[in-house]
Every structure is written in C-alpha cells, then in structure tokens.
Amino acid sequence: MEPGLEELMPRLLPVDDCDLAEDFDPTVPPRTPQEYLKRVQIEAARCPDVVVAQIDPRKLKKKPTVNISISGCQPAPEGYSPTLKWQQQQVANFSAVRQSLNKHRNHWRSQHLDSNVTMPKSEDEEGWKKFCLGERVYSEIDAVSDNENLGIDYMKVGFPPLLSIVSRMNQATVTSVLEYLISWFGEKKFTPELGRWLYALLACLEKPLLPEAHSLIRQLARRCSEVRALEESKNEEQISALNLIICLVSRYFDQRDLADEPS
C-alpha cells in the first residue's frame, strides 16, 4: 500500500516490524503470533484498491415481489361511497370470520378433499389462476349453459375457497396466490370468482403483515378503486364488493390513508 494511502487509512492494530526467521514462508500456516500478523500485513497489501462485484444478469430478470407506491385510492363514484357504519360492520364480520377460521383450522385441514381437487404447487402461478378462477374466466370464454352436464365442472368455473382448501395453505402459499390474483386483476376485469378468493385469502393473512403482504394489499385496494371509478354501468353489487375489499384493507389491516371517507 502506498504511504499516502496508509496515512488516510491508518491501521487499527499497528504492528511494529519484527525479526522473523530467514526461512519465513507466508504461504504456509503461521507458527507464531508474529508470523500471523506479518502474513495479515502482506495479504492486506495485496488487496486491490477497487473491487468489482461479479453480478449474474439472470438474477436481475426476476420479477420484483414488492411494488411500492405512495398513491392513495380514488374516491368512490358519487352516491356510492360507503357509510362509516357499513364499514365498521364489515370489519366486525370479517374479524369474526378470521377468528372462526383460526379456531377450526385444524379440523378443516384434516378433512379429505374430493378426488377431483388437486391443489397446485405454491410456485405454479398459471395453475393457481385456473384453479381459483376456472378455465372460462382464465381463458375469457363466455359462460354457456351445459344441459347435458347436470353437475358442476369446477375445472371450468373454478374451485370455491372451501375451508378444507384454504386451511391447507401456509402463509407463503397464501401470499403467493394473493400475488398471482392481484397480478391478474391488474389487467383483467373484476369477477365474483375473483372476489370470493380475495376475501378468503385476506381472511387467511396473518398479522402483523410481512412487507410483501403489506405492499400487495395496498396494491389491491388501489386497483379496486380504479375499477370502481371506471364502472360505467354502476353495478351496485360489483361496487359493493369493491367497497368491501377497500374497507378491509384500509380499516382492518390499518391502511387508513386508503380508506373511503364516510358519506
């Protein structure tokens, strides 16, 4: 190391020059404290002044898991903003659902699933979208009545969020599926199938929220407000469902800056 640099970066443990044996070899394990300190000095002097990290560009292509935004929710259309009493009632109902789910989770987890229910693996994004929404919604096929089939084809219409299903999902899976459906909702329309699963996943989400879950539910509330503001037909049932999700995110999960102002 150059003398000038050494003055700018003084040694934390100054070591005076010491007498070493003529056969001192810095490549072999030190035999004395003096040899050890001398070897440290030699290695430090060989360190380059600038080190460039080797970054694998493939790792930079991964989709980010946290979407940070400081924007709030868009206000509800005139005449459709929920009252404070309605919001408080929804929070109370939701809290009761969560308590019941936690209380009976082990019971429902022990129940056998029907033979036609095969839950996708946690990382199978497309599989979960089809599982929750059904092939008709996933493929954007208009629903048609099938008089020949008297039963329900859940592969077409999607599996409902049964307690026996959601009770088997750990927090990592809950967060992953929530991310998949919110990603879907970011480009698609709101459907009853989507609404049922979003409500169920929020009910399974544990508090305190992890940073990723915190970001996801805020993203969900903002998307609900965007869709609600663009609702031209003023479908009261759909607006009510969107109001409900915004209410739960803002008032139950304490994201008060996203809450609807009471009408």
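Here goes a summary of the coordinates provided. (Residues numbered from 1 in each chain as written. Predicted model: local features only at pLDDT ≥ 70, side-chain atom pairs only at ≥ 80, totals over all residues. Heavy atoms only, no water.)

### A few points about the overall build of the protein
At step 1: In terms of helices and strands, the protein carries ten helices and zero strands.
At step 2: In sequence order, the secondary structure elements of the protein are arranged as α-α-α-α-α-α-α-α-α-α.
At step 3: Across the 263 residues of the protein, 34% fall into the buried class.
At step 4: Of the contacts formed within the protein by residues at least 6 apart in sequence, a portion of 72% connects residues at least 24 apart. (Helix = DSSP H or I, 4+ residues; strand = E, 2+ residues; numbered from the N terminus. Buried < 20%, exposed > 50% of the residue type's maximum accessible area, 1.4 Å probe, protein only. Contact = heavy atoms within 4.5 Å.)

### Some details on the nonpolar core
At step 1: Counting residues in each nonpolar core, the largest one holds 48 residues, and the members touching the most others are Leu181, Trp197 and Leu198.
At step 2: Going through the elements one at a time, α3 (84-109), α4 (125-138), α6 (163-166), α7 (171-185), α8 (192-204), α9 (211-229) and α10 (236-252) are the ones with two or more residues in this core.
At step 3: With near-sequence residues (within four places) excluded, leucine 198 lies in contact with Leu178, Leu181, Ile182, Phe190, Leu220 and Ile245. (Core = buried A, V, L, I, M, F, W, Y, C linked by side-chain atoms within 4.5 Å.)

### Some thoughts on the environment of valine 177
At step 1: One can find valine 177 in helix α7.
At step 2: Along the sequence, valine 177 and aspartate 124 sit 53 residues apart, while their C-alpha atoms lie 9.1 Å from each other.
At step 3: Leaving out residues up to four positions away in the same chain, valine 177 has contacts with Trp128, Cys132, Met169 and Leu201.

### A word on the packing of aromatic side chains
At step 1: Scanning the entire structure with this criterion turns up eight aromatic pairs.
At step 2: Both rings, one in phenylalanine 94 and one in tyrosine 252, keep their centres 5.0 Å apart while their planes meet at 85 degrees; by these two values the pair is edge-to-face. One end of the pair, phenylalanine 94, is in helix α3; the other, tyrosine 252, is in helix α10, with 158 residues separating them in the sequence. Neither residue differs from the other here; phenylalanine 94 and tyrosine 252 are each classed as buried.
At step 3: Relative to phenylalanine 159, the ring of phenylalanine 131 lies with its centre 4.6 Å away and its plane at 20 degrees, an arrangement referred to as stacked. Taken together, the residues phenylalanine 131 in helix α4 and phenylalanine 159 in the loop between α5 (154-157) and α6 connect sequence positions 28 residues apart. (Phe/Tyr/Trp six-rings, centres within 6.5 Å; stacked < 30°, edge-to-face > 60°.)

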